[in-house]
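Observations on the three-dimensional arrangement
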Amino acid sequence: MMNANDCVVFNNTDVDFRELIQLIEHKRSIELSDTTKEKIVACREYLDNKLSQSGGLFYGINTGLGYLQNVAISPDQLEELQSNLIQSHACGLGQTVPDEIVRLMLVFKIKSLAFGHSGVQLLTVERLTDFYNHDILPVVYTQGSLGASGDLSPLSHLCLPLLGLGKVKYKGVERDSKDVLAELNLEPLHLKSKEGLALINGTQFMSSYGVYCLYKAHQLIHWADAITAISIDGFDASAQPFHPAIHHVRSHAGQVDTAKKILSYLAGSEITERTKQQVQDPYSFRCVPQVHGATKDTYHFVQNTFIKEVNSVTDNPNIFPEEDLILSGGNFHGQPLALGLDYLSIAMAELGSISERRTFQLLSGQRSLPLFLVKNPGLHSGFMIPQYTAAGIVSENKQLCTPASIDSITSSNGQEDHVSMGANAATKCLRVIENLEKILAIELMIAVQALEFRRPLKTSPFLENIIADYRKVVSFNSSDRILHNDMVASIEFLQTRFNNHFNQ
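Overview of the structure. (Residues numbered from 1 in each chain as written. Predicted model: local features only at pLDDT ≥ 70, side-chain atom pairs only at ≥ 80, totals over all residues. Heavy atoms only, no water.)

1. Thoughts on the overall build of the chain
A tally of regular secondary structure across the chain gives 20 helices and 9 strands. When the 504 residues of the chain are sorted by exposure, 56% land in the buried category. Considering only intrachain contacts with a sequence separation of at least 6, the fraction spanning at least 24 residues in the chain is 79%. Working note: accessible area of the chain is about 21000 Å², and carbon and sulfur atoms make up 51% of it. (Helix = DSSP H or I, 4+ residues; strand = E, 2+ residues; numbered from the N terminus. Buried < 20%, exposed > 50% of the residue type's maximum accessible area, 1.4 Å probe, protein only. Contact = heavy atoms within 4.5 Å. Areas by Shrake-Rupley, 256 points an atom, 1.4 Å probe, with all protein chains shown as cover.)

Below you can see the structure in the form of structure tokens.
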């Protein structure tokens, strides 16, 4: 998909997760291939001919929507219908969607329309491409979608600016879209039949949140293994539970991978190599391969679900010019995504749950470590309260992990009688992952502090490199200070130093 100029060329081939990471991290520009343009044009021409030659009703093309499906719309009102759809469905509330996710919404809407089964004008897809390439980001809201008839409300806000309506963020400033279009000499679009429905039907809100959550989760899974390895040496825990023979006889892929990674991260550690006094360690150390591994297996399942979705057509009805078919179905229903997002939330929350337990153990005064990892406990509280913070966030994640996908509320006067609630699953999944980042940052802060009490012994070269980098932003804590600042610095470290330490 990437050409020599690092421009993303959209055609009818599938994108993979690596290419999506490139889009997130590097903001590549987008082009439509000639083949893609031909398919979009051919589908639009087929639809125009079908409407002119047939007196039939086609859902959302020359009828109303939802419960109003049987209301026929006259040919001279079709453009007004499409504009009305977008305006009437732009009913979002809540916080604004983060810029990174709005960019993905544009990308995924372009990708879905580019397959040539949606009946839109080429100009419409090109204008969405212009928005992405010029970083014109529509203002979209987090609340309003049921995740069933597609993400109707958020996608309406995404597409209002095509008509010169609504607001966009341009060069970091929120402005009226009509003013930005005028500044760039772009005329508001006049939509043809089916186009409004094609734009607001689809799962691009859910799928964009999901892919961004997967991107963040990908990094945090690697950090979780590395931070665990620091905690293992900080707690003077045994490496025996990571021996490959144990995992050969229960060979879940994630479990095997975790044990292998932990051992590789500890390779060359003077602390790991010395004889241990204890027979066994607590589960939060001993069962890391099983817990982290289960999260990894879940992650890969969910990633496959979302990659399939990104490479799909999810508006309605679907148009098949070569088969002379216009079919109304339910590809916009977000059930696969809702289930996947709930599953991912639970799996990532478990990384936080076991992380907080390791933090608790490191502060408990065991294994020759001072209580709360401070030299004069009592006069100093040390790291007592960061564990409170981690515990509170872990509890919040447990509450957020109540599945959204088990809920459904009937809408559109009973026509849309089962919905996925995938949009709610999406927004809370991101909250869970952002919470996990905080929990892991607290463990990192405490694990590195614990390791200082093992000096002059050293951990592995790999981990010493991470610790040296970390000490550039958070120093050893010899007496009480404002730990909020250290925790914020630790979070920023995880966010900005991933590529410094992991070759992924």
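2. Looking at the environment of Glu 492
Its place among the elements puts Glu 492 in helix 19 (residues 483-496). Residue class for Glu 492 comes out partly exposed when judged on its relative accessible area of 44%. Along the backbone, Glu 492 and Val 256 are 236 residues apart, and their C-alpha atoms lie at a distance of 30 Å.

3. A few points about the pairing of strand 6 (residues 167-170)
The alternating pattern of strand 6 places Val 168 and Tyr 170 on a buried face, while none of Lys 167 and Lys 169, on the opposite face, is buried. Pairing of strand 4 (residues 136-138) with strand 6, which is carried by 3 bridges, proceeds in the antiparallel orientation. Across the sheet, residue Leu 137 finds its bridge partner in strand 6, namely Lys 169. One ladder, built from 4 bridges, connects strand 6 with strand 7 (residues 173-176); its direction is antiparallel. (Pairing = 2+ DSSP bridges.)

4. A few points about the nonpolar core
Counting residues in each nonpolar core, the largest one holds 136 residues, and the members touching the most others are Ile 230, Leu 344 and Met 348. Judged by nonpolar contacts, the second largest core, of 7 residues, contains Cys 43, Leu 47, Phe 58 and Ile 326. (Core = buried A, V, L, I, M, F, W, Y, C linked by side-chain atoms within 4.5 Å.)

5. Brief notes about the layout of surface pockets
Here the idea is plain: a probe the size of a water molecule rolls over the atoms and shows the empty space left. Roughly 530 Å³ of internal volume is contained in the largest pocket. For the lining of the largest pocket, the class distribution of residues is 9 nonpolar, 18 polar and 1 charged. (1 Å grid on protein atoms, 1.4 Å probe; cavity = no way out; pocket = protein on both sides within 12 Å on 5 of 7 lines; lining within 4 Å. Points joined across faces, edges and corners; volume = space filled by probe spheres on them. Nonpolar A, V, L, I, M, F, W, Y, C, P; charged D, E, K, R; others polar.)

6. Points about the side chain of His 247
Checked against the element boundaries, His 247 lands in helix 10 (residues 244-248). At a separation of 2.9 Å, a polar atom in the side chain of His 247 contacts the side chain of Gln 255. Leaving out residues up to four positions away in the same chain, His 247 has contacts with Pro 241, Phe 242, Gln 255, Val 256, Ala 259, Pro 289 and Gln 290. (Polar contact = N/O pair within 3.5 Å; in protein donor to acceptor, adjacent residues only side chain to side chain.)

7. A short note on the side chain of Gln 303
Here Gln 303 lies in helix 14 (residues 288-310). Note on Gln 303: relative accessible area 15%, which makes it buried. Those residues in contact with Gln 303 that lie beyond four places of it in its chain are Phe 17 and Leu 214.

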